[in-house]
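This is what each chain is made of:
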There are 2 protein chains.
Amino acid sequence: MTARSQKYWTGDVSKLLRVRDGFRLSKVDPDATPGYGRSKKHAADDLVEGATQLEGLQEQLYAQSTRGAGDAVLLVLQAMDTAGKGGIIRHVVGAVDPQGVALAAFKKPTSEELAHDFLWRVGKRVPAPGRIGVFDRSHYEDVLIGRVRSLAPADEIERRYGAINDFEKRLADAGVRIVKVMLHISSDEQKARLMDRLTRPDKNWKYNPADVDERALWSQYMDAYQTVFERTSTEWAPWHVVPANRKWYARLAVQHLLLEALEGIGPSWPAADFDVAAERKRLAAT
Amino acid sequence: MTARSQKYWTGDVSKLLRVRDGFRLSKVDPDATPGYGRSKKHAADDLVEGATQLEGLQEQLYAQSTRGAGDAVLLVLQAMDTAGKGGIIRHVVGAVDPQGVALAAFKKPTSEELAHDFLWRVGKRVPAPGRIGVFDRSHYEDVLIGRVRSLAPADEIERRYGAINDFEKRLADAGVRIVKVMLHISSDEQKARLMDRLTRPDKNWKYNPADVDERALWSQYMDAYQTVFERTSTEWAPWHVVPANRKWYARLAVQHLLLEALEGIGPSWPAADFDVAAERKRLAAT
């Protein structure tokens, strides 16, 4: 198992980060680096090592899907603004062959999307076999901003937790390994990162005045996340809260979660579904 | 201009590879490395240098699109089997942030696609502003295999060349820089690569017995490509024939064509569309 062969982990990362009974978001230290036994200066090299493993496993996953295997991986990314979703996609997912990645970014729903059930738009973007799907924001927005901003009636919000669990169960049963990640930064760290966006001319475009309005609702968002964890961290689709004040740690941790998911599938090169010797002869004759 | 600052090019690559009046595909040497002044051992380092430039330019392209700029790039990849389309996507396009790439692979049309005009399915996959779109095969299949295998009446095939030119003109006018590439390998090189797929257990899955059937039609395909070049290499969307027997050269050349396209757009960091000082004050108060 390659991920487990990574000597720089001193503990079982996915266990350390997984949301279990009695989990309290407020007890998680966003500065922590659970399970990582080395200092920041090793992080870049360790990420490169993991990237090679991830690329190789995904290629096998894709290869076996061409012969009918139904397995896929779905990474669900949720976080407050500036927590580093984009960096995860660029530096972790970016290591994988683009042909093996299905990225879906969910923004403010369109009027067509709003006319359907909240799971309609995400259902259409579930990764095909062989792919690593990534949801940049997801159906969880409908119980996060949906709850904080009262975008739907309370009983509808309540209904959604169960609907999400059923939906994810169906995906899991169909062969999709679901890796749910909340990148957790502190409010102070967000302030510093937003200030950085305001200061650097090459970062200005990432800043949106509305970010400060959302920021004012920080504690309501933390409460909404706490409820999400209590209601939707299931056996088939558990949540992981990744401390993300240190970007280098968050990237290593999410990479590791993906590697574990792929190793759990255990893809292998498929056997030829044709007569190899006969094909060699036929090709040689051309 | 960063691409032009690359000291390892001894000539204007896009001019060297561009299809012009009087072009003959049969005169192109698939082993050649036009414009590259160094040996293979430098190719990997040179590709890394270009990758950094490509990633940076694409980020600026994306940034300016968030403030309304309409520019995008579309790489159209055509080739015989095994010529290296996948390698271009993995090693050239793969260097770009996945959030900035829109990849569309066109396979045998579905019955729904066949019920529409041949441009219907590609029109839906034109890249949004800020993205590098990649067509892995394209509307050109409809005048390549479409012609060789007589999948449509002769007068319909004839109609398509003009329809393609009109379609691409409309895209170009809307801000899409179109980079059309045919990766050109020799028949012998294809034979060796197919044999490799039959020999290596980790490559078996890429082999399809139908590839040998297509191979028997090699000269008909070359004729169909020659016609494509004569009819659809336009000022707004010229074709480039990239010798591809040496994979390292083909990757460098396509990377260079993309860099040139981006430099032609000349993206820049957009100015803030909000009051930066006021936002700093507002954020500081949180």
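1. Here we look at the packing of aromatic side chains
Given two aromatic rings, their pairing is described by the distance between the two centres and the angle made by the two planes. For the structure on display, the rule yields 24 aromatic pairs over all chains. Centre to centre, the rings of Tyr8(B) and Tyr36(B) are 6.0 Å apart; their planes meet at 70 degrees, and the pair counts as edge-to-face. Here the residue Tyr8(B) occupies a position in the loop between helix 1 (2–5) and helix 2 (13–17), and Tyr36(B) occupies one in the loop between helix 2 and helix 3 (43–65), the gap between them amounting to 28 residues. Assigned by exposure class, Tyr8(B) and Tyr36(B) land together as buried. A cation over a ring is seen here: Lys124(A) above Trp120(A), with NZ or CZ 3.8 Å from the ring centre.

2. Thoughts on the confidence of the model for chain A
Considering every residue of chain A, the mean pLDDT works out to 96; 98% of them sit at 70 or more. Across the whole predicted complex the pTM is 0.96, and at the interface the ipTM reaches 0.94.

3. A few points about the side chain of Asp46(A)
Residue and element names in this part refer to chain A. By the element assignment, Asp-46 lies in helix 3 (residues 43–65). Look at Asp-46 and you get buried, because its relative accessible area is 2%. In this structure Asp-46 touches Tyr-8, Tyr-36, Arg-38, Leu-252 and Gln-255, once residues within four positions along its chain are discounted.

4. Describing the environment of Leu74(A)
Residues and elements named next belong to chain A. As for its placement among the helices and strands, Leu-74 is situated in strand 1 (residues 72–79). Measuring from C-alpha to C-alpha, the distance between Leu-74 and Arg-177 comes to 6.0 Å, with 103 residues separating the pair along the chain. The residues contacting Leu-74, other than those within four sequence positions of it, are Pro-127, Gly-133, Val-134, Phe-135, Leu-171, Val-176, Arg-177, Ile-178 and Val-179.

5. Some remarks on the sheet that holds strand 2 (residues 101–105) of chain B
In a beta sheet, neighbouring strands are held together by backbone hydrogen bonds and run either parallel or antiparallel to one another. Residues and elements named next belong to chain B. Ordered by their spatial adjacency, 5 strands build an open sheet running 2-3-1-4-5, and the pairing between neighbours is parallel. Two strands close off the open sheet at either side, each with one partner strand: strand 2 and strand 5 (239–243). With strand direction ignored, the average angle separating the axes of adjacent strands in the sheet is 20 degrees. Sheet analysis places strand 1 (residues 72–79) next to strand 3 (residues 132–136), joined by 5 bridges and oriented parallel. In the strand pairing of strand 3, Val-76 is matched with Phe-135.

Reading guide: rules and limits
Residues numbered from 1 in each chain as written. Chains lettered and ligands numbered in written order. Predicted model: local features only at pLDDT ≥ 70, side-chain atom pairs only at ≥ 80, totals over all residues. Heavy atoms only, no water. Phe/Tyr/Trp six-rings, centres within 6.5 Å; stacked < 30°, edge-to-face > 60°. Helix = DSSP H or I, 4+ residues; strand = E, 2+ residues; numbered from the N terminus. Buried < 20%, exposed > 50% of the residue type's maximum accessible area, 1.4 Å probe, protein only. Lys NZ or Arg CZ within 6 Å of the ring centre and 35° of its normal. pLDDT = per-residue confidence, 0-100. Contact = heavy atoms within 4.5 Å. Pairing = 2+ DSSP bridges. Axes fitted to C-alpha atoms, helices over the stretch in contact; angles between N-to-C directions.

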